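Chains, contacts and geometry: an overview
Here's the letter readout for the chains.
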Amino acid sequence: MNNPNIGVLGGDARYIHLANALSRDGYEVHCMFLDSPRLARGVHRAEDFRDALPFCAALLLPTPVCGQGLELNAPYWPQDRNRDIGQFLGDIGKTALVLGGAFSPAVKAAFAAKELRFIDLMERDDLAAANALPTAEGAVAMAMEQMEITLSGSRSCVVGCGRCGRVLARLLAAMGSRVTVTARRPGQLTWIADQGWTPLETGRLAQGAGEWDVVFNTVPAPVVDRRVLDALGPGAVVIDLASRPGGTDFLYAAQRGITAVLAPGLPGKVAPKTAGLILRDTILPILRERGISV
Ligand code: NAP
């Protein structure tokens, strides 16, 4: 029996590593809207999606699926080539398993119009948990770029105690930073204290802000507001990891001359191979559940 055909359509550097890994796993991988010298020899490059798309049992779409509007997010494909997803949606088999990350309302509507179903990988807890480490490492790297002092010996604050916040606090503490971690639930504040970090209610951020050299925000709500920014000491830096538009009043920070950076998509930027393998590890069980296995 032939091994299952998997289509990888577009995507950033993570998807090169994802395609290579799935090919190593034994799948017949067909890349469309994605070409790179770093693709492994066994990976097929489909010049025309019509050559491969109809035969694929599963299709892997980028994260996010589209850049602007309905344009496939395909940075490894010539800029002058048509990348509108409308051109291939009609060729996707009704039984094909479609997986991608972050489907915008416009993309969802285009899929619904063709009666196509999909799984949004960004809604999966296992992927978010696995991505916390490359995200935290990327945040540390960004802070080191922006700060004028070392993290060792610094005073830092991690706003939010979720998956990213917890891993980031651990890294910062291991690097010798004195870490404050904020949360809104009393149980979490106790847990933070148990870790040896300073707990603070997220709503009281402004009260501690004068002490910190760097603030990392992981809360997807407007928490690093004017009051917090006004309370920061000179030279303090804000690194905002939360999904767009972040939780920082960036306009006000710019007016006050405070360095505040929104840092989206860190796993793909700082560790594309790790992030690609995390995608593979998330996708494989889903493929196997559907009987698409080698
Ligand atoms: P998470 O596990 O859900 O953690 C989010 C934290 O924010 C939790 O502590 C949550 O508190 C808190 N929170 C949410 N809404 C709040 C509000 N209105 N007020 C106060 N606290 C609030 O999420 P995560 O996986 O750590 O991800 C954090 C953010 O980073 C998300 O926006 C995610 O999309 C983004 N992200 C960015 C990157 C990147 O590369 N920049 C990578 C991965 C994730 P409770 O526990 O009390 O709800």
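Residues numbered from 1 in each chain as written. Predicted model: local features only at pLDDT ≥ 70, side-chain atom pairs only at ≥ 80, totals over all residues. Heavy atoms only, no water.

The next point concerns the overall build of the chain. If you tally the helices and strands in the chain, you get 11 helices and 12 strands. In terms of overall dimensions, the chain has a C-alpha envelope of 65 × 35 × 35 Å along the principal axes. Considering only residue pairs separated by 6 or more positions, the chain has 56% of its internal contacts joining residues 24 or more positions apart. Summed over its atoms, the accessible surface of the chain is roughly 14100 Å², and 50% of this surface lies on carbon and sulfur atoms. (Helix = DSSP H or I, 4+ residues; strand = E, 2+ residues; numbered from the N terminus. Contact = heavy atoms within 4.5 Å. Areas by Shrake-Rupley, 256 points an atom, 1.4 Å probe, with all protein chains shown as cover.)

With that settled, consider the pairing of strand β1 (residues 5–9). Counting buried positions over the 5 residues of β1 gives 4, a clear majority of the element. Alignment of β1 against strand β2 (residues 28–32), held across 5 bridges, turns out to be parallel. Within β2, the position partnered with Leu9 by the bridge is Met32. Taken together, the 3 bridges between β1 and strand β4 (residues 58–60) define a ladder with parallel strand orientation. In the sheet register, Val8 faces β4, and the bridge partner there is Leu60. (Buried < 20%, exposed > 50% of the residue type's maximum accessible area, 1.4 Å probe, protein only. Pairing = 2+ DSSP bridges.)

When a strand is regular, its side chains alternate between the sheet's two faces. Across the two faces of strand β5 (residues 97–100) the burial is the same, with Leu97 and Leu99 and Val98 and Gly100 all buried. Alignment of β5 against strand β6 (residues 119–120), held across 2 bridges, turns out to be parallel. Along β6, the bridge assignment pairs Gly100 with Asp120. In this view, the connection linking β5 to its parallel neighbour β6 by way of helix α3 (residues 105–113) has right-handed handedness. (Right-handed = clockwise from strand over helix to strand, strands pointing away.)

This next bit is on the side chain of Thr248. Along the polypeptide, Thr248 turns up in the loop between β11 (237–240) and α9 (250–255). With a relative accessible area of 10%, Thr248 lands in the buried category. Side-chain polar atoms of Thr248 contact the side chain of Asp240, separated by 2.6 Å. Setting aside residues up to four positions removed in sequence, Thr248 forms contacts with Val224, Val238, Asp240 and Ala260. (Polar contact = N/O pair within 3.5 Å; in protein donor to acceptor, adjacent residues only side chain to side chain.)

The residue after Thr63, namely Pro64, is reached through a cis peptide bond having omega -10 degrees. Tracing the sequence through the fold places Pro64 in the loop between β4 and α2 (86–89). Within the chain, Phe33 stands out as a residue other than glycine whose phi angle is a positive 60 degrees. With respect to the helices and strands, Phe33 occurs in the loop between β2 and β3 (44–45).

Taken in spatial order, the 6 strands line up as β3-β2-β1-β4-β5-β6 in an open sheet, and their pairing is parallel. Looking at which strands have only one partner, the edges of the open sheet turn out to be β3 and β6. Against the sheet, helix α1 (residues 13–24) touches β1, β2 and β4, its axis set at about 160 degrees to β2. (Axes fitted to C-alpha atoms, helices over the stretch in contact; angles between N-to-C directions.)

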